Amino acid sequence: MKNTRERMDVLAAYREVGSYRGAAELCGTTHKTVRRIVLRHLAGDAAPQRQPRGHNYDDVSELVADRVRKSAGRISAKRLLPDARAVGYAGSPRNFRRLVARVKAEWRRGHHRGRRPGVWAPGDTLVIDWGVENGLHVFCAVAAWSRFRFVRFAADEKASTTLGLLAECFEVLGGVPKTVLADRMGCLKAGVVANVVVPTADYVRFAMHYGFRPDFCHGHDPESKGIVEHLVGYAKRDLIVPQSITVNDLVAGNALAAEWCAEVNAVAHSEICAVPAERLQTERELFGALPSLRLDIGARPISRKVDRLACVRFGSARYSVPSHLIGSRVLISVLDNRVQVLEAFTGAVVAEHALVAPGETSIVDEHYGSTRPDKPRRAPRAKTATEKQFLALGEIAETFLTGAAAAGVANLARELADILTLQAAHGQASLVAALQRAVRFKRWRADDIRSILAAGVAAPLPRPPGQALVLTLPSVPVRPLSDYAIGGGGP
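What this report covers is the structure whose coordinates are included nearby. (Residues numbered from 1 in each chain as written. Predicted model: local features only at pLDDT ≥ 70, side-chain atom pairs only at ≥ 80, totals over all residues. Heavy atoms only, no water.)

Further remarks concern the sheet that holds strand β9 (residues 311-314). The strand order across the open sheet built from 3 strands is β9-β10-β14, with neighbouring strands paired in mixed fashion. Of all the strands in the sheet, the pair left with one neighbour each is β9 and β14 (361-362). As paired elements, β9 and strand β10 (residues 317-320) share 4 bridges and run antiparallel to each other. From the neighbouring strand, V312 faces β10, where its bridge partner is Y319. (Pairing = 2+ DSSP bridges. Helix = DSSP H or I, 4+ residues; strand = E, 2+ residues; numbered from the N terminus.)

Here it is in structure tokens:
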């Protein structure tokens, strides 16, 4: 690019020499540049008209424009390319994508939907939606005017789950908005007639109980509830991903969700430039009052009779309840993989267990008033005088008896009687010590006890591995080594 002074120098040089190349040598440029400057000056300093260049897709431009218009700008270049090839287009797919992109942009300029921003009234609308992240379902709700956000997690998107979380949202808000706006959720939609959604009977009953009007968005219209669509994405990237929340522990996940909601609702919202928690206080005055009773949602609790084991059966598994309920009927409810046992009339929770697999048993020791081992302990019970006298020796006698029985000692009653006869000669303390040694080395007969008592303190004491075995050896006379020399004078 030449500035004005340089162009004037080029024109002066051209007038002097009268040729493009001569002027180019004087000005230190090319003859093409001199020719362009001279022609532009002769044309009145107007840029020369550029001749349009043809493209290899000009022959299919009308076809592309027609297909874009019929598909309302939704058809892709990938699907249009085979039709363009059929009518003679021989260019590259990349060049064809440029054509389709340009035609779509031109079509959209005159076909904008003309959306307008939402204008929300206090206490009027609550917008709800579901999202999914790695099998974890996240329920999101936004009070439209105050931008107060509510987030909870669940394992599914059933109608009972949705309505239960919506009822919890009302309790957190402290009232009921006039309208609840949702997309066309399958759990709340019974059908569609003339593009009008017919809610399910349970949803209508729920709405009448809480006193709000159910509303639904049009199909394929996520912009109408973008206020909650943004919350779903925000909860995924700011709560689920950093905290690594999974569907395996919904209780802990919902606790984290409640803390997260308290945090974000206490910070000024960028759209309304106000704190949602503070703005909710104003909106709460316009909400409808909460009903005195919470509506039963989903399947009714199952009735079961407590058996003689103080257990109830559910899903082919046993769950313990307090023993004073034996013979009475209780209700069973399952919530978040937890089995709750309720009293039939008051509805009070009397027992709670984690859900177990069929055939298993969940036991709480407090239901029986004492701690019991999983396997019964069958202690000996003395009947004869000999048995009572032997077991009176203490716990080691009981251990010896059960060990001898497990070893299959024949005539065990006679063996016990023979062992008791040794007490008179050796004393109870020595007999107990002999029984301890016999149990340690698994010797179960009276003769073994007699041998141990006869050895007394001379019996060696086994040492743990790694320790030296110290024994008291007898003293013997010592002879000098010269007595063992060949030809020596020893005896």
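What follows is about the packing of aromatic side chains. Summed over all chains, the structure comprises 14 aromatic pairs. Here the aromatic rings of W130 and F139 are separated by 5.3 Å at their centres, their planes lie at 65°, and the arrangement is edge-to-face. Judged on exposure class, the residue W130 and its partner F139 are both buried. An angle of 70° between the planes, with centres 6.0 Å apart, marks the rings of F206 and F212 as edge-to-face. Taken together through their ring pairs, the aromatic side chains of F170, Y203, F206, Y210, F212 and F216 make up a single cluster. Above the plane of the ring of W145 lies R279, whose end atom (NZ or CZ) is 4.0 Å from the centre. The ring of Y484 is capped by R479, whose NZ or CZ atom sits 5.0 Å from the centre of that ring. (Phe/Tyr/Trp six-rings, centres within 6.5 Å; stacked < 30°, edge-to-face > 60°. Buried < 20%, exposed > 50% of the residue type's maximum accessible area, 1.4 Å probe, protein only. Lys NZ or Arg CZ within 6 Å of the ring centre and 35° of its normal.)

A few words now on helix α13 (residues 395-406). Its 12 residues place the ends of α13 17 Å apart at the C-alpha level, agreeing with the 16 Å of an ideal helix rising 1.5 Å per residue. Every buried residue belonging to α13 is among I396, A397, F400, L401, G403 and A404, and all of these are buried. Residues of α13 that are buried sit in contact with α12 (385-391), α14 (412-426), α15 (428-440) and α16 (446-455). Count one or two residues on from α13 and you reach G408, which has phi positive near 75°. (Expected span 1.5 Å × (residues − 1). Contact = heavy atoms within 4.5 Å.)

Moving on, we get to the pattern of salt bridges. For the coordinates displayed, the defined rule picks out 16 salt bridges. We note a salt bridge from E229 to K225, for which the minimum N-O separation is 2.3 Å. On the accessibility criterion, K225 (4% relative accessible area) is buried. (Salt bridge = Lys/Arg side-chain N within 4 Å of Asp/Glu carboxyl O.)

Attention now goes to the packing of α13 against α15. One way to put it is that α13 packs onto α15 with a least axis distance of 10 Å and a crossing angle of 40°. Taken together, the axes of α13 and α15 are oblique relative to one another. In this structure, the crossing between α13 and α15 has a hand that is left-handed. Where α13 approaches α15, its residues I396, T399 and F400 are matched on the opposing element by V432, L435, Q436, A438 and V439. Grouping the amino acids of the contact of α13 with α15 by side-chain chemistry returns 6 nonpolar, 2 polar and no charged. (Axes fitted to C-alpha atoms, helices over the stretch in contact; angles between N-to-C directions. Parallel < 35°, antiparallel > 145°, perpendicular 65-115°, else oblique. Left-handed = near helix turned anticlockwise from the far one by under 90°. Nonpolar A, V, L, I, M, F, W, Y, C, P; charged D, E, K, R; others polar.)

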